[in-house]
Amino acid sequence: MSLFRKKSLDELLSSSKKQQLNRVLGPLDLTMLGIGAIIGTGIFVLTGVAAAEHAGPALVLSFIIAGLACVFAALCYAEFASTVPIAGSVYSYSYFTLGEVVAWLIGWDLILEYGLAVSAVGVGWSGYFQNLLAGFGLKLPAALTGAPGSAPGAVFNLPAFLIILLITWLLSRGIRESARVNNIMVFVKVVVVLVFIAVGVWYVKPANWTPFMPFGFGGVMTGAATIFFAYLGFDAVSTAAEEVKNPRKDLPIGIIGSLAICTFLYIVVSAILTGIVPYNQLNVAAPVAYAMNVIGQNWFAGLISLGAITGMTTVLLVMLYGQVRLFFAMSRDGLIPTVFSKVHPAYKTPYTSTWVTGLACATISALVPLGTLAHLVNIGTLTAFVLVSVAVLILRKTHPNVPRAFTCPAVPLVPILAIFFCGYLMISLPLVTWKMFVAWLAIGVGVYAVYGRSHSLLAKGAENKAEISV
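Since we're looking at a predicted model, the values are computed, not measured.

Participant: Describe the overall build of the protein, naming the residues involved and giving the relevant values.
Facilitator: Along its length, the protein carries 17 helices and zero strands. Scaling as 2.2 N^0.38, a compact globule of 470 residues should have a C-alpha radius of gyration of about 23 Å, and the protein matches this with 22 Å. Seen through its principal axes, the protein has C-alpha atoms that stretch 80 × 50 × 40 Å. The 470 residues of the protein split such that 57% are buried. The contacts of the protein with a sequence gap of at least 6 include a subset with a gap of at least 24, amounting to 83%. When the accessible area of the protein is evaluated, it comes to approximately 17800 Å², of which 71% is carbon and sulfur surface. Taken as two groups, the 26 positive and 16 negative side-chain charges of the protein have centres that lie 3 Å from each other.

Laid out in structure tokens, this is it:
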């Protein structure tokens, strides 16, 4: 039963006082961080594929269903974030409610979500950046354009490597500076999305929405599982808890506010996109730019490239930030080496951890063709959403009187709906994704058995108490 030892609420909150991060973020910064993580390749790329191959014009329903799964989970996140405002997100929440071994596994799961997302988005950023260079007649040597095997002659994805290192440098300098850069880039990409809506709405042909559900409801659900990638990131807001001025109040605003804004934009964009172009013509690399070309607005293609590049840059920033803060929390508990929780005296950031994590992600992005591994990001996130929903149900039973700045409404209904929606989307993922996910968790069990279990500070504390009592 020692595997399921739990932290008390006092232990959880006191751990945040050991290494002080810089509390500089407000509700606007958190909302922008959430939007920065959510709006990226999903809205500029996945919309076309999901419409053409799975949902048709009913892609709107796919976004609503995926959005509902996220909304229910977000309400659970908001309760935890306001009750236990510390770094680590659902890893820390699980340590408090489900026990150490479950916390370790969800931490290991989140490493998959954040780390692989950074690497995958880095590859996507590289592709858009190279297309932008090509527009100016510039071209990189073939050897530096992609990972080995991704293209003829490709050896190293230099643009992906360099952008991740640039983000790493920015994050290492401080969260205030990172938030300012993020806010500027979020503003740019939201303007691009709003311009598409403002221009495209006048070219919508309702006839293109017929048939509305060409692949049936099963296609709508498969589309929801596919475009779920577009919603990833709002959970990373909760990892900022120890750098927020008023976390109990501001974290729920950032989590729910960013998700609400992005869900609205996704639904409107998907409706306009399928209204401009017949769904079966949208299986292209840049569907939003393609739609603008169809209506003769060719100038918009360059604007889309700008929006996509800034969009993916902010995703890189927030996901890498979430990964580093997760390592920070796990290291502080002794489950991974202490180097990951050392705070720079001047920058007030986990400086060494930031560079170690950034270099690892940059190297993976430059050398590994990720392909279908992106599905692992989805299953990792959905698992986290299910566990945080379960944890809320447990928290209500075990700590009914704990002060909550935000209370998830309609408990147990909302957490149960989150579990149902996320579980259904998990079932919709390919079998090969499940096999890889189980293999990753098996590796995590091995790492915990070899290192985490024996180095856990909670375990050492229990041993010391036992020795004293003897």
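Participant: A description of unusual backbone geometry should follow, citing residues and the corresponding values.
Facilitator: A cis amide bond links Thr210 with the next residue in sequence, Pro211, at an omega value of -5 degrees. Of note, Pro211 is situated in the loop between α8 (175–200) and α9 (216–227). One non-glycine residue with positive phi stands out, namely Ala410, at about 50 degrees. Residue placement: Ala410 occurs in the loop between α14 (374–398) and α15 (413–427). A relative accessible area of 46% means that Ala410 is categorised as partly exposed.

Participant: Any details on empty space enclosed by the protein? Residues and values, ideally.
Facilitator: Under the defined criterion, the tally for this structure stands at two cavities of 30 Å³ or more. In this structure, the largest cavity occupies an estimated 100 Å³ of space. Along the wall of the largest cavity there are twelve residues; nearest its centre are Ala37, Val121, Phe229, Leu232 and Val315. Taken together, the residues of the lining of the largest cavity sort by class into nine nonpolar, three polar and no charged. Each pocket or cavity is described by its volume, and for the second largest cavity that value is around 40 Å³. In terms of lining residues, the second largest cavity is bounded by Ile43, Phe44, Val192, Val193, Phe196, Val269, Val288 and Ile304.

Participant: Could you give an account of helix α16 (residues 431–455), with specific residues and numbers?
Facilitator: The terminal C-alpha atoms of α16, which comprises 25 residues, lie 35 Å apart, in line with the 36 Å expected from a rise of 1.5 Å per residue. A maximum bend of about 50 degrees is found in α16 at Tyr448. All of the buried residues in α16 are Thr433, Phe437, Gly444, Tyr448 and Gly452.

Participant: Can you lay out the side chain of Asn208 for me, pointing to particular residues and giving the numbers?
Facilitator: With respect to the helices, strands and loops of the structure, Asn208 is situated in the loop between α8 and α9. Here Asn208 is in contact with Pro57, Thr274, Gly275, Ile276, Val277 and Pro278, once residues within four sequence places are set aside.

Participant: Can you break down the pattern of salt bridges residue by residue, with the values?
Facilitator: Within the structure shown, the criterion is met by four salt bridges. With a shortest N-O distance of 2.9 Å, Glu79 and Arg396 are connected by a salt bridge. Here Glu79 is found in helix α4 (residues 59–83), whereas its partner Arg396 is found in helix α14, with 317 residues between them in sequence. Overall, the relative accessible area of 24% leaves Arg396 in the partly exposed class. One salt bridge connects Arg332 with Glu242, and the closest N-O pair in it is separated by 2.7 Å.

What counts as what
- Residues numbered from 1 in each chain as written.
- Predicted model: local features only at pLDDT ≥ 70, side-chain atom pairs only at ≥ 80, totals over all residues.
- Heavy atoms only, no water.
- Helix = DSSP H or I, 4+ residues; strand = E, 2+ residues; numbered from the N terminus.
- Rg over C-alpha atoms; globule rule 2.2 N^0.38 Å.
- Buried < 20%, exposed > 50% of the residue type's maximum accessible area, 1.4 Å probe, protein only.
- Contact = heavy atoms within 4.5 Å.
- Areas by Shrake-Rupley, 256 points an atom, 1.4 Å probe, with all protein chains shown as cover.
- Lys, Arg positive; Asp, Glu negative; His and termini not counted.
- Charge placed at Lys NZ, Arg CZ, Asp CG, Glu CD.
- 1 Å grid on protein atoms, 1.4 Å probe; cavity = no way out; pocket = protein on both sides within 12 Å on 5 of 7 lines; lining within 4 Å.
- Points joined across faces, edges and corners; volume = space filled by probe spheres on them.
- Nonpolar A, V, L, I, M, F, W, Y, C, P; charged D, E, K, R; others polar.
- Expected span 1.5 Å × (residues − 1).
- Bend = angle between axes of the 7 residues up to and from the residue.
- Salt bridge = Lys/Arg side-chain N within 4 Å of Asp/Glu carboxyl O.

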